[in-house]
Amino acid sequence: MGNFIQQLSERVSMIASDRLWLEDAAIEQLKTTAQLTHMVSVVGLPDLHPGRGYPVGAAFLSKNHFYPALVGNDIGCGMSLYQTDLAISKVRLDKLDKQIGNLDQPLDDDEWLQLLAQHPELTTEKQTLVTCLQHAGLDLLQLRSLGTIGGGNHFAELQITDSVEDTPAFTTAGLQKKQVQLLVHSGSRGLGQFILRQHVDAYSHAGLASETDAAADYLRKHDAALMYAALNRKLIVARLLRRMRCKGELVLDVHHNLVTPLDVDGQRCWLHRKGASPSDQGLVMLPGSRGDYSYLLQPHIQNAASSLHSLAHGAGRKWQRTDCKDRLFKLATPEQLSRTDLGSRVICEDKALIYEEAPQAYKNLDSVLDCLVSAGLATVIARSKPLLTYKTRGECC
């Protein structure tokens, strides 16, 4: 493991190398978060970058209290990976672009019925979500956004396997090298923002004691948002597969933003993930930034405690969103940014967003991967590259 697990203070550690690009502001946020009452330890992952008050790309462990503000406003944000039966040899990007169409608009009645014909279990899953939302006292109007990707760094991406490092694990996962994979990154849409706003209005950024009515109320809402996010990703996938006239099998689905109980030496603690993949739930994806490779990883469960059972969830931002256009607009047009060095295509007709999400705005993914592998936290199963990335067809998503 060498010096890739760096102890910055009694409560703060960082998965990093001396060569990893890190902002001082992110490290300061990590240290500040460690000073919260009831905080036991915090771990910065190699994709660490500053957030709104709290860093993104980190895991936090507290005792007897948990902190909704550390989960943030996109509860359940995460990723799903599917293996499709679409042969790479038959892929034509112009045709796929037209088939996919516009995913920004919510499902209408006709599309919902078409999805039900292929996935009848969706009726029960949606009704279960309705019941969960009602039990948590949440507005059912939030259901209107189900099946939509959202803005920011969310996307749906068609990928092809570029290389395989662990053939048995690759095969066991149900993956096929000659067929296209589909990766979806999205969350609970406006629902998570509504839940966080309710909490902050009532309690500011204070934590909640575990065995209180307020804690139980938040957790009901939080769990409803997790269910919403998982179903949202499933519906995005279902919409895409139907439009592309192919089938798909789930390989993995994980949340990046949540709080969950964790037993530590017989004591009840709370593990918060803010932009972090779980290392204790099987395979995870380490995605590139639209113009970069992505990696399928096998976490090493025996070393999971050193990173609070968490792994990096991407490259991590290098530039603030407000700086991206000024840095790039003289170097590339939106049309040029819609074509990548790997030969893939990006569907993003929001001219501000395509600059904000340009590959140059993110860290080098291989430097993040090197830290995880060298720290003994994961190994690479396969590398994939993008074919087509969908973000939005319009100015507003």
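Residues numbered from 1 in each chain as written. Predicted model: local features only at pLDDT ≥ 70, side-chain atom pairs only at ≥ 80, totals over all residues. Heavy atoms only, no water.

A.B. asks: Pulling in residues and values, what's your account of the nonpolar core?
C.D. replies: By size, the foremost hydrophobic cluster in this structure holds 57 residues, and its most contacted members are Leu 30, Leu 286 and Leu 297. Filtering out sequence-adjacent residues up to four positions away, Leu 297 remains in contact with Leu 283, Val 284, Leu 286, Leu 369, Leu 372, Ala 378, Thr 379, Val 380 and Ile 381. Residues Val 130, Ala 136, Leu 235 and Ala 238 belong to the second largest nonpolar core, which totals 32 residues. (Core = buried A, V, L, I, M, F, W, Y, C linked by side-chain atoms within 4.5 Å. Buried < 20%, exposed > 50% of the residue type's maximum accessible area, 1.4 Å probe, protein only. Contact = heavy atoms within 4.5 Å.)

A.B. asks: Explain the environment of Leu 115 to me, using residue names and the numbers behind them.
C.D. replies: Here Leu 115 lies in helix H4 (residues 109-118). Between the alpha carbons of Leu 115 and Ala 352 there is a distance of 32 Å; along the sequence they are 237 residues apart. Setting aside its immediate chain neighbours within four residues, Leu 115 contacts Leu 107, Leu 122, Leu 235, Ala 238, Arg 239 and Arg 242. (Helix = DSSP H or I, 4+ residues; strand = E, 2+ residues; numbered from the N terminus.)

A.B. asks: So what about the packing of aromatic side chains? Which residues, and what values?
C.D. replies: Tallied over the full model, the rule gives two aromatic pairs. Aromatic pair Phe 66 and Tyr 218: ring centres 5.8 Å apart, planes at 40 degrees, arrangement tilted. Taken together, the residues span a long stretch of sequence, with Phe 66 in strand E5 (residues 65-66) and Tyr 218 in helix H8 (residues 213-244) at a distance of 152 residues. A relative accessible area of 0% means that Phe 66 is categorised as buried. Ring centres of Phe 66 and Trp 270 lie 4.8 Å apart, and the angle between their planes is 55 degrees; this geometry places the pair in the tilted category. Taken together, the residues span a long stretch of sequence, with Phe 66 in strand E5 and Trp 270 in strand E12 (residues 267-274) at a distance of 204 residues. Comparing Phe 66 with Trp 270 shows no difference in burial state: the two are buried. Put simply, the rings of Phe 66, Tyr 218 and Trp 270 touch in pairs and so form one group of aromatic residues. Lying over the aromatic face of Phe 155, Arg 290 brings its terminal NZ or CZ to 4.0 Å of the ring centre. The lysine or arginine in question, Arg 317, covers the ring of Tyr 362, its NZ or CZ lying 5.0 Å from the ring centre. (Phe/Tyr/Trp six-rings, centres within 6.5 Å; stacked < 30°, edge-to-face > 60°. Lys NZ or Arg CZ within 6 Å of the ring centre and 35° of its normal.)

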